[in-house]
Amino acid sequence: MAGTAGRAAMAMRAGHQASAGELLELVRSGRATTRGALQQATGLSRATVGQRLDRLFRAGWLREGAGGPVDSPQGGRPSITLEFDDEHAVVLAADLDTRHGRAAVVSLSGEIQAEHHGSLRIEDGPDAVLGELGRWFAELLEKAGQRADAVCGIGIAVPGPVDTDTGKVVQPPIMPGWDGYDIRGRLGRAFAEHAGIESAGGATGAGVTRSDARIPVLVDNDANLMAYGEQRTGYPDCSAFALVKVSTGIGAGMVVGGSIYRGVDGGAGDIGHIRVGADALCRCGSYGCLAAVASGGAVARRLAESGVPATSGSDVRDLLTAGHPEAMALAREAGRQVGDVLATVVTLLNPGVLMIAGDLAGTPFLTGVRELLYQRALPRSTAHLDVVTSRLGERAGLVGAGALVVEYLYAPERVEERLAALGV
């Protein structure tokens, strides 16, 4: 949120008076955390700042912290700092893979309060999978000691391209039966049913459906949300961040200028279906896709052909953890194939961080990526590039989903809508 205070001041010079939502953004970003600092940043009078803040206090979104520095150069009592109250609500987050799912109750600051991981097969279809997720959510709330009315939003990561305007997946290669399905509505109803709350449904704009006229549901691609979670928690100053998830399939997420880059309709980052000249049949129906030769699923098939029991990326991960020599050799070869493609990605995007995540994200695969990436990309493109592995591990998608919901709900324009709805 760098530059927020400057934008607020520019808006004031243009005749705009900063709203309560813009004041909250200044506090959340750390750009202005006292009443005096807010006056300076916005040009609002002391009385007007007080009125705006009073609305935020009454909503329970703001609290007073410890005394800060003295506002006046003449001295006086320390000013009272203002803080975003991250305890007034929680977010429900889910991350779906092809064979497993993970769900959690997440605080507004990104702390995971309760978590569950279990078998959840994407090929069983959206109705069954989302119904089960609704049950998990209700049980996790009880485990976390939270009430259903504490939930302010739900975020879900799915392994396919998502049109974020509608919240629907679009022609997903590894999600049979999910194309165009109303994920938001079904998940909202499933949660309401299992949590014992009344479901009202209805659209709220910006790709959101409310399950009980209060709870928005946001859907995004898993690699996007993994990238968002990793960038925000580990690399907040990186202006161009790329994450490649290599599991049963291959996908990439990009965070540029602090925001997820999705392309015009959510299709950005689908590098698993770049043609690499091989004759292998991909699950999308085409031949020669990168995912058909270098994904966890592709490595599993090659292992199975040689008599090693493996059917998915998670099986390959287990073999790599055990130090299986053939799995390690194939993972390194797969890394080289992915690294060849990533040389183009790095040249085009010029990221500061390239993170490798997913089932294959270990030393053999990473070694292969580096071999071809640094060989094929121009030195100028890699001079300031860090190639790393995941910090958050299997929680990255959950953290990203939670952050997506929080940033959506507490954006200045939405704060004004929500305050009005609360009558404050």
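So, a few notes on the structure that sits alongside this text.

Criteria and cut-off values
- Residues numbered from 1 in each chain as written.
- Predicted model: local features only at pLDDT ≥ 70, side-chain atom pairs only at ≥ 80, totals over all residues.
- Heavy atoms only, no water.
- Helix = DSSP H or I, 4+ residues; strand = E, 2+ residues; numbered from the N terminus.
- Contact = heavy atoms within 4.5 Å.
- Areas by Shrake-Rupley, 256 points an atom, 1.4 Å probe, with all protein chains shown as cover.
- Buried < 20%, exposed > 50% of the residue type's maximum accessible area, 1.4 Å probe, protein only.
- Axes fitted to C-alpha atoms, helices over the stretch in contact; angles between N-to-C directions.
- Parallel < 35°, antiparallel > 145°, perpendicular 65-115°, else oblique.
- Left-handed = near helix turned anticlockwise from the far one by under 90°.
- Nonpolar A, V, L, I, M, F, W, Y, C, P; charged D, E, K, R; others polar.
- Core = buried A, V, L, I, M, F, W, Y, C linked by side-chain atoms within 4.5 Å.
- Salt bridge = Lys/Arg side-chain N within 4 Å of Asp/Glu carboxyl O.
- Phe/Tyr/Trp six-rings, centres within 6.5 Å; stacked < 30°, edge-to-face > 60°.
- Pairing = 2+ DSSP bridges.

### Structural notes on the overall build of the protein chain
Right, on to step 1. Scanning the protein chain from terminus to terminus reveals 15 helices and 16 strands.
Right, on to step 2. Here the analysis covers contacts within the protein chain between residues at least 6 apart in sequence; of these, 61% occur between residues at least 24 apart.
Right, on to step 3. In the form shown here, the protein chain has an accessible surface area of approximately 18400 Å², with 48% of it arising from carbon and sulfur atoms.

### Remarks on helix α2 (residues 20-29)
Right, on to step 1. Among the ten residues that make up α2, seven are buried, leaving the element largely enclosed by the rest of the structure.
Right, on to step 2. Those residues of α2 that sit buried are A20, G21, L23, L24, E25, L26 and V27.
Right, on to step 3. Of the residues trailing α2, G30 is marked for its positive phi of about 85 degrees.

### Things to note about the packing of helix α7 (residues 222-234) against helix α14 (residues 396-409)
Right, on to step 1. Two numbers describe how α7 lies on α14: the axes approach to 7 Å, and their chain directions differ by 80 degrees. Compared by their axis directions, α7 and α14 come out roughly perpendicular. The segment α7 lies against α14, with L225, M226, Y228, G229, E230, R232 and T233 engaging A396, G397, V399, G400, A401, A403, L404 and E407.

### Remarks on the packing of helix α4 (residues 46-59) against helix α15 (residues 412-422)
Right, on to step 1. Relative to each other, α4 and α15 sit at 65 degrees, their axes nearing to 11 Å. The angle between α4 and α15 falls in the class roughly perpendicular. In the crossing of α4 with α15, the sense of the turn from one axis to the other is left-handed. Touching R55, L56 and A59 of α4 are V415, E416, L419, A420 and L422, all from α15.
Right, on to step 2. Class assignment of the residues belonging to the contact of α4 with α15 gives a composition of six nonpolar, no polar and two charged.

### A closer look at the nonpolar core
Right, on to step 1. L24, L38, L53, L56, L108, F241 and Y410 are the most contacted members of the largest nonpolar core, which has 53 residues in total.
Right, on to step 2. Here the element with the most residues in this core is α14; it accounts for nine residues.
Right, on to step 3. Once residues lying within four places of it in the same chain are set aside, the contact partners of L53 are L23, R35, L38, L62 and L82.
Right, on to step 4. In this structure, I271, V308, A331 and V341 belong to the second largest nonpolar core, which totals 37 residues.

### Description of the side chain of E407
Right, on to step 1. By the secondary structure assignment, E407 is in helix α14.
Right, on to step 2. For E407, a relative accessible area of 19% corresponds to the buried category.

### Brief notes about the pattern of salt bridges
Right, on to step 1. Taken as a whole, this structure holds 27 salt bridges when the rule is applied.
Right, on to step 2. In this structure, E132 and R135 form a salt bridge, with 2.4 Å as the shortest nitrogen-oxygen distance. Residue E132 and its partner R135 are located together in helix α5 (residues 126-144), separated by three residues, close to a single helical turn.
Right, on to step 3. Residue class for R135 comes out partly exposed when judged on its relative accessible area of 29%.
Right, on to step 4. As a salt-bridge pair, D222 and K245 come within 2.8 Å of each other at their nearest N and O atoms. Of the two residues, D222 is situated in helix α7 and K245 in strand β12 (residues 240-246); the sequence distance between them amounts to 23 residues. The pair D222 / K245 is uniform in exposure class, with both members buried.
Right, on to step 5. A network of salt bridges, in which partner residues are shared, links R102, E115, R317, D318, D359, E394 and R395.

### Here's the deal with the packing of aromatic side chains
Right, on to step 1. For the structure shown, the criterion picks out four aromatic pairs.
Right, on to step 2. Each ring, one from F84 and one from Y410, has its centre 5.0 Å from the other, and the planes form 75 degrees; the classification is edge-to-face. Taken together, the residues F84 in strand β2 (residues 80-84) and Y410 in the loop between α14 and α15 connect sequence positions 326 residues apart.
Right, on to step 3. Look at F137 and F191: their rings are 6.5 Å apart centre to centre, the planes differ by 80 degrees, and that puts the pair in the edge-to-face class. Placement of the pair is F137 in helix α5 and F191 in helix α6 (residues 183-195), with a sequence separation of 54 residues. For the residue pair F137 and F191, the accessibility class agrees, reading buried in each case.

### Some details on the pairing of strand β3 (residues 90-96)
Right, on to step 1. Most of β3 sits inside the fold, with seven of its seven residues counted as buried.
Right, on to step 2. The two faces of β3 match: V90, L92, A94 and L96 on one face and V91, A93 and D95 on the other face are all buried.
Right, on to step 3. As judged from the seven bridges shared by β3 and strand β4 (residues 100-107), these two strands associate in the antiparallel manner. What sits directly across from V91, in β4, is V106.
Right, on to step 4. Relative to strand β6 (residues 151-158), β3 is paired through six bridges, and the arrangement is parallel. Along β6, the bridge assignment pairs V90 with V151.

### Here's the deal with the environment of Y181
Right, on to step 1. In this fold, Y181 is placed in the loop between β8 (168-169) and α6.
Right, on to step 2. Counting along the chain gives 56 residues from Y181 to G125, while the straight-line C-alpha distance between them is 9.8 Å.
Right, on to step 3. Those residues within four positions of Y181 in sequence are excluded, and the remaining contacts are P126, D127, L130, K168 and R186.

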